[in-house]
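Examination of the molecular architecture
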Amino acid sequence: MKHPVVRIFAPILAAVALAGCQADSRQQILHMDKSQVALRSAQSRAFDTADTELTVRTIIATLQDLGFTVDKVDQTLGLVSATKAGNYVMKMTVTARPRGVDQIVVRASAQHNLTAVSDVAPYQQFFDSLAQSLFLEAHDVI
Amino acid sequence: MMFKVPPFVLLIPLSAVAALSGCQQTTPTAALTTAMTASETRQMTGRRFDINDERAVLTSIVQLLQDLGYKVGETDVKAGLVTGTKGAEEVVTYYGSIIRVTVTTTPIRDKGGIQVRATFQDIVQARDPRYTYARSTVGPEVYQQFFDRLAQSLFLEAHDI
């Protein structure tokens, strides 16, 4: 026979543990945990090329290198979205858009399980791989 | 002198730990690294075909995915890409099983021919993505068979079969 205190508090504990992860969905809609400038800076790099088509192809190849499968591609908008499952689900949206006449800005945004990724490290890893595949140096944008 | 602590007081720090652990997020760096190098992955999951018509190769890939019972999703000739899925796209009960594939084509400039690359994922999908996981069923032999079949598919189409 369990102690009555345990019987009462065990479900409460479980509820608290679950509530800990239950973000208010209204907050979640427009939630950011970094400033817009800091986030864009972490997520963007400029490459010295004017070839958007080749850049999009290379983004797809890099995502394949990393084990992602593609959800959607739009060459006109320079957009690729892809998903990877391990013991997690990682979703990436990558865009390539011209900046001036001789540069392309690539921006990646990722979602890990239920949360948007704002850490710098995963983006750095992605751009390192992309720069290698493009044979180009990645420049900071902001 | 000892104070008598009511037992529920002991549960307060426990609740705090539970509340915090409920929201624990692991840094997702593992998602953007792989056990194999990019060139090893490309070698295992790619094959060069001695043909220069990229559109014909993409058509063969679509035909092959139809042969294999995949539903073709995204296709983009400019990007050299075809995607397909087999299994439950919508998770109706708690879990659903889905195989996702992305196949890309790249013209090889110096040597000629088309490099075809496939990426398969065998996923057990949960309604909550935190419980989704990948099965480790996709090995080198899967890619080997896929490319053998693609070679057949290209041959069949070249001969209008």
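Residues numbered from 1 in each chain as written. Chains lettered and ligands numbered in written order. Predicted model: local features only at pLDDT ≥ 70, side-chain atom pairs only at ≥ 80, totals over all residues. Heavy atoms only, no water.

All right, on to the overall build of chain A then. Looking only at helices and strands, chain A features five helices and seven strands. For chain A, the N- to C-terminal ordering of α and β elements is α-α-α-β-α-β-β-β-β-β-α-β. Counting over 142 residues, chain A shows a buried share of 42%. Long-range contacts, defined here as pairs at least 24 residues apart, represent 53% of the contacts in chain A between residues at least 6 apart. Carbon and sulfur atoms make up 58% of the accessible area of chain A, which amounts to about 7500 Å² in all. (Helix = DSSP H or I, 4+ residues; strand = E, 2+ residues; numbered from the N terminus. Buried < 20%, exposed > 50% of the residue type's maximum accessible area, 1.4 Å probe, protein only. Contact = heavy atoms within 4.5 Å. Areas by Shrake-Rupley, 256 points an atom, 1.4 Å probe, with all protein chains shown as cover.)

Residues and elements named next belong to chain B. In terms of residue burial, strand S3 (residues 81–87) counts as a mostly covered element, since five of its seven residues are buried. Hairpin connection, strand S2 (residues 71–76) to S3: the antiparallel pair is bridged by four residues, and glycine 80 has positive phi, about 65°. Bridging between S3 and strand S4 (residues 95–107) involves seven bridges; their strand directions are antiparallel. Each residue of the ladder has a partner; that of lysine 86, found in S4, is isoleucine 99. (Pairing = 2+ DSSP bridges.)

Turning our eyes to something else, we now look at the side chain of B:Asp76. Here B:Asp76 lies in strand S2. The side chain of B:Asp76 sits in the buried core without any salt bridge; B:Lys78 is the nearest counter-charge, 7.1 Å away. There is a polar contact of 3.0 Å between the side chain of B:Asp76 and the backbone nitrogen of B:Ala79. Apart from the residues lying within four places of it in its own chain, the contact partners of B:Asp76 are A:Val73, A:Asp74, A:Gln75 and B:Leu81. (Lys, Arg positive; Asp, Glu negative; His and termini not counted. Salt bridge = Lys/Arg side-chain N within 4 Å of Asp/Glu carboxyl O. Polar contact = N/O pair within 3.5 Å; in protein donor to acceptor, adjacent residues only side chain to side chain.)

For chain B, the average pLDDT comes to 84, and 81% of its residues sit at 70 or higher. Helix H1 (residues 7–22) of chain B is the least confidently modelled element of chain B, averaging 55 in pLDDT, while strand S1 (residues 46–49) of chain B averages 95, the highest of any element. (pLDDT = per-residue confidence, 0-100.)

Let us look at a nonpolar patch on the surface. Residues B:Tyr94, B:Tyr95, B:Tyr131 and B:Tyr133 make up a contiguous nonpolar surface patch of about 530 Å² in total accessible area. Mapped onto the elements of the fold, B:Tyr133 is located in strand S6 (residues 133–134). (Patch = residues over 30% accessible without salt bridge, like charges linked within 9 Å, V, L, I, M, F, W, Y side chains within 5 Å.)

Moving on, we come to the nonpolar core. Residues A:Leu63, A:Met92, A:Val106 and A:Phe126 are the most contacted members of the largest nonpolar core, which totals 31 residues. Taken together, the elements giving at least two residues each to this core come down to helix H4 (52–65), strand S2 (69–74), strand S3 (79–85), strand S4 (89–99), strand S5 (103–112) and helix H5 (120–134) of chain A. Looking at which element gives the most residues to this core, the answer is H5(A), with six residues. Those residues within four positions of A:Leu63 in sequence are excluded, and the remaining contacts are A:Phe68, A:Val80, A:Ala82, A:Met92, A:Val94 and A:Phe126. With 19 residues, the next largest nonpolar core counts B:Leu58, B:Leu65, B:Phe146 and B:Phe147 among its residues. (Core = buried A, V, L, I, M, F, W, Y, C linked by side-chain atoms within 4.5 Å.)

A few words on the pattern of salt bridges. Following the criterion strictly, the structure yields 11 salt bridges over all chains and no others. In this structure, the salt-bridge partner of B:Arg117 is A:Asp65, at a minimum N-O distance of 2.9 Å. Of this pair, B:Arg117 sits in strand S5 (residues 114–126) while A:Asp65 is found in helix H4, placing the two residues in two different chains. By relative accessible area, A:Asp65 is classed as buried at 6%.

Attention shifts here to the confidence of the model for chain A. The predicted coordinates should not be examined in detail at positions where pLDDT is low. Of all residues in chain A, 80% attain a pLDDT of 70 or more, and the chain-wide mean is 86. When mean pLDDT is compared element by element in chain A, strand S1 (residues 44–47) of chain A scores highest at 96, while helix H1 (residues 4–21) of chain A scores lowest at 58.

Below, the discussion takes up the packing of H4(A) against H5(A). Residues and elements named next belong to chain A. At a minimum axis separation of 9 Å, H4 and H5 run at an interaxial angle of 125°. Of the possible angle classes, the one that applies to H4 and H5 is oblique. Crossing of H4 over H5 shows right-handed handedness. Along the contact surface, H4 presents Thr55, Thr58, Ile59, Thr62, Leu63 and Asp65, while H5 presents Phe126, Ser129, Leu130, Ser133 and Leu134. Here the contact of H4 with H5 is composed, by residue class, of five nonpolar, five polar and one charged. (Axes fitted to C-alpha atoms, helices over the stretch in contact; angles between N-to-C directions. Parallel < 35°, antiparallel > 145°, perpendicular 65-115°, else oblique. Left-handed = near helix turned anticlockwise from the far one by under 90°. Nonpolar A, V, L, I, M, F, W, Y, C, P; charged D, E, K, R; others polar.)

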